[in-house]
Amino acid sequence: MSSPDALFPVVRSQIAGQLIESLVQQYGTPCYVYDMATIRQKVADLQAFDVIRYAQKACSNIAILDRLRRLGVVVDAVSAGEVQRALSAGFDPHSDPHGIVYTADVFDQEALAMVKRLGLHVNCGSPDMIDQLGRVAPGSSVTLRINPGFGHGHSQKTNTGGPQSKHGIWHEEIDSCLRLADVHNIAITGLHMHIGSGTDLEHLSQVCESLEKIAVQVGRTLTSISAGGGLPVPYKQGQSYVDLGRYYQLWDQTRKHLEGLFGHRLRLEIEPGRYLVAESGFLIAEIRSVKKMGQNTFYLLDAGFNDLARPILYGAYHPISICHRGHQPPGNELVEVVVGGPLCESGDIFTQEEGGFVAKRSLPAAKVGDLLVLEVAGAYGFVMSSNYNGRFRAPELLIEDGQIHCIRSRETYEDLIRGEKIPPPPKA
Ligand code: LLP
């Protein structure tokens, strides 16, 4: 285990060499910013794996997808919409390895039609998917997502293994899946296990063991295994990265055992979302009110859980820093504050713990008009944002080699009501 290099700063004036004040002058608040250099570094960290398959659900802007593709990364897609995104970013579904893999527990009608039309490779998370695919595209090759019977996650809501989880094919159902595949002349060419976000090494050896057992049962049609995603990133001082060397070693050992048994090479894939993008992303907001409520001081922002939902959903902790505008605080002293948003709902608090308990954070003194940065917000940030309370989704900026690219504009009123229609008035 290793610790993050620097402590999270509580005062910040720049992101990726750009002054936060000038970013805000140009693009307003709230605003998401991604630092491409961080993403590049994260991709480089995982080079030992044969294939890095980005779980685009973490941050699916097509500019980010394009840049990852240029770095040799391929993607997974969990819906027809994500397949379209990958196509727009130039991924080739038929490259080797597959540029796009559809991975889910179900096909909706649209996804099944698209898989058939494009001949997409599928990672099946239920026996029904094998059957449904077999009916429209007999003779396909598939990989299977296995639920090994146990899981792990940073919260109950992100634990994706065990009998409580809806994900994957239950480890005792393999035999019936093999028979089902035979019926449709489907070849099982790979196995995949993703047991949750926030994997640790202790669980990992269990995962590898379980995958190995199932691989032996499936046999020599296998040509790849996937470690899934779940690599953690530190959101807080004291949290750490997984030892990537050790992580790779455990998976590589599993691969080598199986290669010995099968007598042919197996490709080792990894499928991270968070690891590649979380630390590259920042959500910049403006403090619009500093108010006292009894003993508590609130910083209220122009960004809410419609912009970043992780705190209200999981009690997730995001580091916070302040960018003072036009003044310096009287000293370096920190004050205890609660940070909340503008939404008409009392759960709209960024400093909350799981269960909705409001927590305080030690931050520099700040005034209305100062900027506040929610950090490590690149994964499951913008993608989970919404129009709740009639708010426009924020713009996204990519900073790359000293250049600022606006990769998504702020929404407008037209975006907000797109597709809505007022029917003719009822007859009196
Ligand atoms: N592969 C599969 C099959 C997955 O279901 C996921 C995440 C990943 C890969 C990527 O996991 P990661 O490397 O990002 O941990 N919204 C939650 C996370 C939900 C994860 C869903 N599946 C959050 O904000 O923490």
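Before reading on, note that the structure itself is shown above.
Residues numbered from 1 in each chain as written. Predicted model: local features only at pLDDT ≥ 70, side-chain atom pairs only at ≥ 80, totals over all residues. Heavy atoms only, no water.

A.B. asks: Which parts of the structure should I look at to understand the packing of aromatic side chains?
C.D. replies: A ring pair, where both rings are aromatic, is described by two values, the distance of the centres and the angle of the planes. Overall, the coordinates contain seven aromatic pairs when judged by the stated rule. Plain terms: the ring middles of Y32 and Y34 are 6.3 Å apart, the flat faces sit at 15 degrees to each other, and that makes the pair stacked. Neither residue differs from the other here; Y32 and Y34 are each classed as buried. (Phe/Tyr/Trp six-rings, centres within 6.5 Å; stacked < 30°, edge-to-face > 60°. Buried < 20%, exposed > 50% of the residue type's maximum accessible area, 1.4 Å probe, protein only.)

A.B. asks: Got a minute to help me understand the pairing of strand β13 (residues 281–293) in this structure?
C.D. replies: The side chains of a regular strand alternate, residue by residue, between the two faces of the sheet. Sheet analysis places strand β3 (residues 31–35) next to β13, joined by four bridges and oriented antiparallel. Paired with C31 across the bridge in β13 is I284. Here six bridges tie β13 to strand β14 (residues 296–301), and the two strands are oriented antiparallel to one another. Looking across to β14, one finds that K292 is bridged to T297. Hairpin connection from β13 to β14: two residues lie between these consecutive antiparallel strands, with G294 at a positive phi of about 60 degrees. (Pairing = 2+ DSSP bridges. Helix = DSSP H or I, 4+ residues; strand = E, 2+ residues; numbered from the N terminus.)

A.B. asks: How should helix α4 (residues 80–88) be read in this particular structure?
C.D. replies: For an α-helix the count is 3.6 residues per turn, leaving residues at separations of three or four pointing the same way. The complete set of buried residues in α4 reads A80, E82, V83 and A86. Looking straight down α4, one finds that the buried residues subtend no more than 160 degrees of arc, so they occupy a single side. The inward-facing, buried residues of α4 contact α3 (62–70), β5 (74–77), β6 (100–104) and α5 (109–118). Taken from the residues just after α4, G90 is the one with a positive phi, measuring 90 degrees. (Arc of directions from axis to C-beta. Contact = heavy atoms within 4.5 Å.)

A.B. asks: Help me out: how do you make sense of the environment of E271 in this one?
C.D. replies: Along the chain, E271 falls in the loop between β12 (267–270) and α10 (274–277). Separated by 40 residues in sequence, E271 and L231 place their C-alpha atoms 9.0 Å apart. Excluding residues that lie within four positions of it along the chain, E271 makes contacts with R53, A55, D76, T103, H192, S226, G228 and G229. There is a polar contact of 2.6 Å between the side chain of E271 and the side chain of H192. (Polar contact = N/O pair within 3.5 Å; in protein donor to acceptor, adjacent residues only side chain to side chain.)

A.B. asks: What is the right way to read unusual backbone geometry from this model?
C.D. replies: Note: most residues except glycine have negative phi, and most peptide bonds are trans. Residue T29 is joined to P30 through a cis peptide bond whose omega torsion reads -10 degrees. As for its position among the elements, P30 is in the loop between α1 (20–27) and β3. Cis geometry is found at the peptide bond from D96 to P97, where omega equals -5 degrees. Along the chain, the position of P97 falls in the loop between α4 and β6. Phi angles above zero are rare outside glycine, and A16 is one such case at about 50 degrees. On the secondary structure map, A16 appears in the loop between β1 (14–15) and β2 (18–19). We classify A16 as partly exposed; its relative accessible area is 33%.

A.B. asks: What is the right way to read a nonpolar patch on the surface from this model?
C.D. replies: On the surface, F392, Y413 and I417 cluster together into a nonpolar patch covering about 280 Å² of accessible area. With respect to the helices, strands and loops of the structure, I417 is situated in helix α12 (residues 413–417). (Patch = residues over 30% accessible without salt bridge, like charges linked within 9 Å, V, L, I, M, F, W, Y side chains within 5 Å. Areas by Shrake-Rupley, 256 points an atom, 1.4 Å probe, with all protein chains shown as cover. Salt bridge = Lys/Arg side-chain N within 4 Å of Asp/Glu carboxyl O.)

A.B. asks: Looking at this structure, I do not really get the packing of α4 against α5. What am I missing?
C.D. replies: For any two helices packed against each other, the geometry comes down to the angle between their axes and how far apart the axes lie. At a closest axis distance of 9 Å, the pairing of α4 and α5 adopts a crossing angle of 40 degrees. One finds that α4 runs oblique with respect to α5. Packed against α4, whose contacting residues are A80, V83, Q84 and L87, the element α5 presents E110, A111, M114 and L118 at the interface. For the contact of α4 with α5, the class distribution of residues is six nonpolar, one polar and one charged. (Axes fitted to C-alpha atoms, helices over the stretch in contact; angles between N-to-C directions. Parallel < 35°, antiparallel > 145°, perpendicular 65-115°, else oblique. Nonpolar A, V, L, I, M, F, W, Y, C, P; charged D, E, K, R; others polar.)

A.B. asks: Looking at this model, I keep getting lost on the pairing of strand β8 (residues 141–147). Mind explaining?
C.D. replies: Of all seven residues in β8, six are buried, a share of seventy percent or more. Relative to β8, strand β7 (residues 121–124) runs parallel, the two being bridged by three bridges. Residue pairing for β8: C124 is matched across the bridge by L144. The pairing of β8 with strand β10 (residues 187–192) spans five bridges and is parallel. Directly across from S141, in β10, lies its bridge partner A187. Relative to strand β9 (residues 169–170), β8 runs parallel, the two being bridged by two bridges. Across the sheet, the residue bridging to N147 is W170, located in β9.

A.B. asks: I tried to follow the side chain of H194 on my own but got confused; where do I start?
C.D. replies: Positionally, H194 belongs in the loop between β10 and α8 (201–218). A relative accessible area of 15% places H194 in the buried class. Setting aside anything within four residues of it in sequence, one finds H194 in contact with R145, T160, G228, G229 and G230.

A.B. asks: I keep staring at the pattern of salt bridges and nothing clicks. Help me out?
C.D. replies: Two side chains bearing opposite charge may form a pair once their charged atoms approach each other closely. Using the criterion set out here, one finds 22 salt bridges in the structure. Salt-bridge contacts for R135 lead to D131; the nearest nitrogen and oxygen are separated by 3.1 Å. Highlighted residues: R135 and D131, both in helix α6 (residues 127–136), separated by four residues, approximately one helical turn. Judged by relative accessible area, which is 18%, D131 ranks as buried. Salt-bridge contacts for R179 lead to D175; the nearest nitrogen and oxygen are separated by 3.1 Å. With R179 and D175 both in helix α7 (residues 174–183) and four residues apart, this pair spans about one turn of that helix. Classification of R179 by relative accessible area gives exposed; the value is 52%. Note on D175: relative accessible area 39%, which makes it partly exposed.

A.B. asks: Please clarify how the side chain of S321 should be interpreted in this entry.
C.D. replies: Structurally, S321 can be placed in strand β15 (residues 320–323). Note on S321: relative accessible area 0%, which makes it buried. Within the local environment of S321, its side chain forms a polar contact with the side chain of E375, the two groups lying 2.6 Å apart. Once you skip the residues sitting within four places of it in the chain, S321 turns out to touch P9, V10, V11, R12, L371, L372, V373 and E375.

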